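Working through the structure, step by step
Here are the chains, one letter per residue:
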There are 2 protein chains.
Amino acid sequence: MRMENDRALDCAGAARLLGEWDQILLLCHASPDGDTLGSATALCRGLRALGKTVNIDCADPIPEKFRYLFEGLPQEEREPRYIVTVDVADVKLLGAAWKKWGERADLAIDHHGTREVFTPLRWVEPDSAATAEMIFLLLEELGAPVDPATAGCVYTGIATDTGCFRYRNVTPRTHRIAARTLELGAAAGEINRRMFESKSRAQVEAERRVMEGMEFLCGGKAAMIQVPWKILEETGTTESDLEGLAALPRQIQGVVVGITLKERENGTVKASVRADPPANAAALCAKFGGGGHQGAAGCSFDKETIEQAAQAMGKACREYLESLGLL
Amino acid sequence: MRMENDRALDCAGAARLLGEWDQILLLCHASPDGDTLGSATALCRGLRALGKTVNIDCADPIPEKFRYLFEGLPQEEREPRYIVTVDVADVKLLGAAWKKWGERADLAIDHHGTREVFTPLRWVEPDSAATAEMIFLLLEELGAPVDPATAGCVYTGIATDTGCFRYRNVTPRTHRIAARTLELGAAAGEINRRMFESKSRAQVEAERRVMEGMEFLCGGKAAMIQVPWKILEETGTTESDLEGLAALPRQIQGVVVGITLKERENGTVKASVRADPPANAAALCAKFGGGGHQGAAGCSFDKETIEQAAQAMGKACREYLESLGLL
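Conventions we followed
- Residues numbered from 1 in each chain as written.
- Chains lettered and ligands numbered in written order.
- Predicted model: local features only at pLDDT ≥ 70, side-chain atom pairs only at ≥ 80, totals over all residues.
- Heavy atoms only, no water.
- Helix = DSSP H or I, 4+ residues; strand = E, 2+ residues; numbered from the N terminus.
- Rg over C-alpha atoms; globule rule 2.2 N^0.38 Å.
- Contact = heavy atoms within 4.5 Å.
- Areas by Shrake-Rupley, 256 points an atom, 1.4 Å probe, with all protein chains shown as cover.
- Lys, Arg positive; Asp, Glu negative; His and termini not counted.
- Charge placed at Lys NZ, Arg CZ, Asp CG, Glu CD.
- pLDDT = per-residue confidence, 0-100.
- Disulfide = S-S within 2.5 Å.
- Buried < 20%, exposed > 50% of the residue type's maximum accessible area, 1.4 Å probe, protein only.
- Expected span 1.5 Å × (residues − 1).
- Axes fitted to C-alpha atoms, helices over the stretch in contact; angles between N-to-C directions.
- Parallel < 35°, antiparallel > 145°, perpendicular 65-115°, else oblique.
- Left-handed = near helix turned anticlockwise from the far one by under 90°.
- Nonpolar A, V, L, I, M, F, W, Y, C, P; charged D, E, K, R; others polar.
- Phe/Tyr/Trp six-rings, centres within 6.5 Å; stacked < 30°, edge-to-face > 60°.
- Lys NZ or Arg CZ within 6 Å of the ring centre and 35° of its normal.
- Buried area = accessible area lost by both parts, 1.4 Å probe.
- Salt bridge = Lys/Arg side-chain N within 4 Å of Asp/Glu carboxyl O.
- Pairing = 2+ DSSP bridges.
- Least-squares fit on C-alpha atoms with pLDDT ≥ 70 in both.

Some details on the overall build of chain A
Secondary structure summary: chain A contains 11 helices and 12 strands in total. The C-alpha radius of gyration of chain A comes to 20 Å, within 12% of the 20 Å expected for a compact globule of 327 residues. Taken along its principal axes, the extent of the C-alpha atoms in chain A is 55 × 45 × 40 Å. Within chain A, counting contacts between residues at least 6 apart in sequence, those at least 24 apart form 66% of the total. Carbon and sulfur atoms make up 48% of the accessible area of chain A, which amounts to about 13100 Å² in all. Each charge sign in chain A was given a centre, from 38 positive and 47 negative side chains, and these centres are 2 Å apart.

Below, the structure is given as structure tokens:
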């Protein structure tokens, strides 16, 4: 999509623009995760510290576990002059926020390598493990003060998008920026606890039920778990509570593709795929119009039941692994 | 225990000694973990690269998942001139290696704050998240080359002792040394996969059974799981396979003390305690002659059955939490 002033920027370029802009709205993707929220709140804090008027919007409510990111950061609905999307790879991922703000988004800051172009200006760094890494460098470039809360927001984005420094997207820079956030006062221990070690009994029960039903496919090279809506209902868990489930199937020895199918309340099905090289999660999800990264990607099934989605994913996965010569 | 030439060293001091010494034996603690093995193998590789004769001994066999640390690092039994213990806090933890080498250990390199003095020379850094951090700095100080395999050994020690950068022992330096190891070629993604994401189906089954029996104590502030030997027998798992279990009880919301009781083949019981501030795992384990760190510690029950150990730990935990004013 070509527009006037269509430009790919670097960090310095993004900083030059944001340094001049005011009355900014930062948009997070729907079903917000730690990176979109951590990045937006860090940028909001930094830009406000420079005296600018900045607010954040997201189509979905902020999950309980992420609310600390907004502590001392009141938000108000006001007409923005500039709109910046943070960690958004595709307009569909903005959900209702896309309709609300029309096609007015000016700048996209994102680390997804596979993405749509939907803004005239963009700063995209596919080698960044998280958009939050980019935001930290941006704040430095802007000369914005980074207080402990801001450092915590950056740390949150990085830690969540790397599975606490576990995934293959981690680079030396990832660790160095993490080190800086700790020095700047990020409450890393507390954040890690909240993000990675804070399951409710309900979640433990939901996980137990889901894992009991795990299926192995493709001679053990793939594993799939299904999370029908009724499990959430019966255990009293939310979608956000069960985010961690998607990581589990791939953790079994021999499994290179882990698939998690989650039924939403409206009956549609969200598939999360985690893959180890040589398998590529984004390539598998692309068959269903989805995308993401090599190690983690997703796609949606809007018309199928969870069982039908399971059949379709299983078949596509088999074909995919065969094409890689793994079966 | 005072001995002639009794001295606490720093990194430079330890490097000066090791720079002069040759025909060195490095001792790991029994029930070896990633830090003692990663540290010893990294030091062995670095010192051999400087032309020295170095070997490693451990009372127990090297668990399968750690064997890569020894790739291309053949070991031979030979009479050493100097003996260095690596990551060992107490002679009891050396197991049979203590009897074998007598009281000849010359130097202890360790990061445990609570430890016995059993060598005339020691370099101890309680703020180090892992002994492996210290080894990296030591190799730098020695001017020893650090190849990808060596970097991987260091990375292994750091990653395992921090729960992949998750625990509260992580410092900015931890992340920076990790960054250096990645730059030097450590296969971090592969190591993480092997350490943290490689469960056999047998392990998944064992975990499922153990978690089903989890008990909550002290009004939900403590959680305990028991692993009777028969679970290992029936699922075909090993003690090393189930190392990850100890982290699970504390992950439940509200729990500040997580206790894991594992019955060994000989009937004795090993307790692993994980705690969040203000609870201190080492303080609780000290009541039974054990020790460790604030966040993670252990103790042993040599005469009690697993049920009796559970009773004793539960009672001690209650008294401990009461003393902290948490109940």
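Quick word on the confidence of the model for chain A
Looking at chain A, the pLDDT average stands at 94 and 98% of residues meet or exceed 70. Scoring the predicted complex yields pTM 0.89 and, for the interface, ipTM 0.89.

Some remarks on the state of the cysteines
Residues and elements named next belong to chain B. Scanning the model with the defined rule gives zero disulfides over all chains in all. Here C299 is not cross-linked by a disulfide; its sulfur's nearest cysteine counterpart is in C285, at 4.1 Å. Using a relative accessible area of 6% as the deciding quantity, one classes C299 as buried.

Brief notes about helix α5 (residues 148–161) of chain A
Residue and element names in this part refer to chain A. The terminal C-alpha atoms of α5 lie 20 Å apart, and with 14 residues this matches the ideal 20 Å at 1.5 Å per residue to within 8%. With 12 of 14 residues buried, α5 lies mostly within the body of the structure. Every buried residue belonging to α5 is among T150, A151, G152, C153, V154, Y155, T156, G157, I158, A159, T160 and D161, and all of these are buried. If you follow the buried residues of α5, they end up packed against α2 (34–49), α4 (131–142), α6 (172–183) and α7 (188–196). Downstream of α5 by one or two residues, G163 has phi in the positive range, about 60 degrees.

Some points on the packing of α5 of chain A against α6 of chain A
All names here are of chain A. α6 packs onto α5 with a crossing angle of 150 degrees between their chain directions and a minimal axis gap of 9 Å. Relative to α6, the element α5 is oriented roughly antiparallel. Read as a crossing pair, α5 and α6 show a hand that is left-handed. Contacts between α5 and α6 involve A151, V154, Y155 and I158 from the first element and T174, I177, T181 and L182 from the second. Taken together, the residues that form the contact of α5 with α6 break down as six nonpolar, two polar and no charged.

Remarks on the packing of aromatic side chains
Counted by the stated rule, this structure contains nine aromatic pairs over all chains. With a centroid separation of 4.9 Å and an interplanar angle of 55 degrees, the aromatic rings of F288 of chain A and F301 of chain A are classed as tilted. Remark: F301 of chain A occurs in strand β12 (residues 296–301) and F288 of chain A occurs in the loop between α10 (281–286) and β11 (291–292); sequence separation between them is 13 residues. For the pair Y155 of chain B and F165 of chain B, a centre-to-centre distance of 6.0 Å together with 45 degrees between the ring planes defines the contact as tilted. Linking Y155 of chain B in helix α5 (residues 148–161) with F165 of chain B in the loop between α5 and α6 (172–183), this pair joins segments that are 10 residues apart in sequence. With respect to class, Y155 of chain B is no different from F165 of chain B; both count as buried. Among the aromatic residues, ring-to-ring pairing joins Y155 and F165 of chain A together with Y155 and F165 of chain B into one connected group. The cationic tip of R201 of chain A hangs over the ring face of F216 of chain B; the distance from NZ or CZ to the ring centre is 3.6 Å.

Here we look at the interface of chain B and chain A
Taken together, the contact between chain B and chain A spans 40 residues of the former and 40 residues of the latter. For the pair chain B and chain A, the summed buried surface comes to about 3500 Å²; carbon and sulfur atoms form 51% of the total. Here chain B is connected to chain A by 12 salt bridges. Residue E183 of chain B pairs with R176 of chain A through a salt bridge whose shortest N-O separation is 2.8 Å. Counting residues per element, the ones that place at least two in the side of chain B that touches chain A are α6, α7 (188–196) and α8 (201–212) of chain B. It is α6 of chain B that contributes the most residues to the side of chain B that touches chain A, eight residues altogether.

Quick look at the sheet that holds strand β7 (residues 215–217) of chain A
Residue and element names in this part refer to chain A. If you walk across this open sheet you meet the six strands as β7-β8-β9-β10-β12-β11, and the pairing is mixed. Of all strands in the sheet, those with a lone pairing partner are β7 and β11, marking the two edges. Both β7 and strand β8 (residues 222–227) contribute to a ladder of three bridges, which runs antiparallel. Looking at the pairing, F216 lines up with A223 of β8.

Quick look at the pattern of salt bridges
A full pass over the atoms with the stated rule returns 50 salt bridges over all chains. R250 of chain B is paired through a salt bridge with E197 of chain A; the nearest N and O atoms lie 2.6 Å apart. With R250 of chain B in the loop between α9 (229–235) and β9 (257–263) and E197 of chain A in the loop between α7 and α8 (201–212), the pair connects residues from two separate chains. With relative accessibility at 3%, the residue E197 of chain A sits in the buried group. With its nearest N and O atoms 3.5 Å apart, the salt bridge here joins R208 of chain B to E212 of chain B. With a gap of four residues between them, R208 of chain B and E212 of chain B both fall in helix α8, about one helical turn apart. For R208 of chain B, a relative accessible area of 21% puts it in the partly exposed group. One network of salt bridges, with partners in common, ties together R166, R168, R250 and D276 of chain A together with E190, R193 and E197 of chain B.

Details of the relation of the copies chain B and chain A
For the pair chain B and chain A, the superposition axis carries a translation of 0.0 Å, the fit reaches an RMSD of 0.1 Å, and the rotation angle comes to 180 degrees. The symmetry that links the two subunits is that of a two-fold axis. Of the residues that chain B buries at the interface, 100% are likewise interface residues in chain A, meaning the two copies contact each other through the same surface.

Describing unusual backbone geometry
In this structure, P278 of chain A follows P277 of chain A across a cis peptide bond, with omega equal to 10 degrees. Its place among the elements puts P278 of chain A in the loop between β10 (269–275) and α10. Residues other than glycine seldom take positive phi values, yet F165 of chain B does so here, at roughly 65 degrees. The buried category is assigned to F165 of chain B, whose relative accessible area is 0%.

Points about the packing of helix α4 (residues 131–142) of chain B against α5 of chain B
All names here are of chain B. Where α4 meets α5, the axes come as close as 8 Å, and the angle between the chain directions of the two elements is 150 degrees. Between α4 and α5, the interaxial angle falls into the category roughly antiparallel. For the pair formed by α4 and α5, the contact residues are A132, E133, F136 and L139 on the first element and T150, V154, G157 and I158 on the second. When its residues are assigned to classes, the contact of α4 with α5 shows five nonpolar, two polar and one charged.

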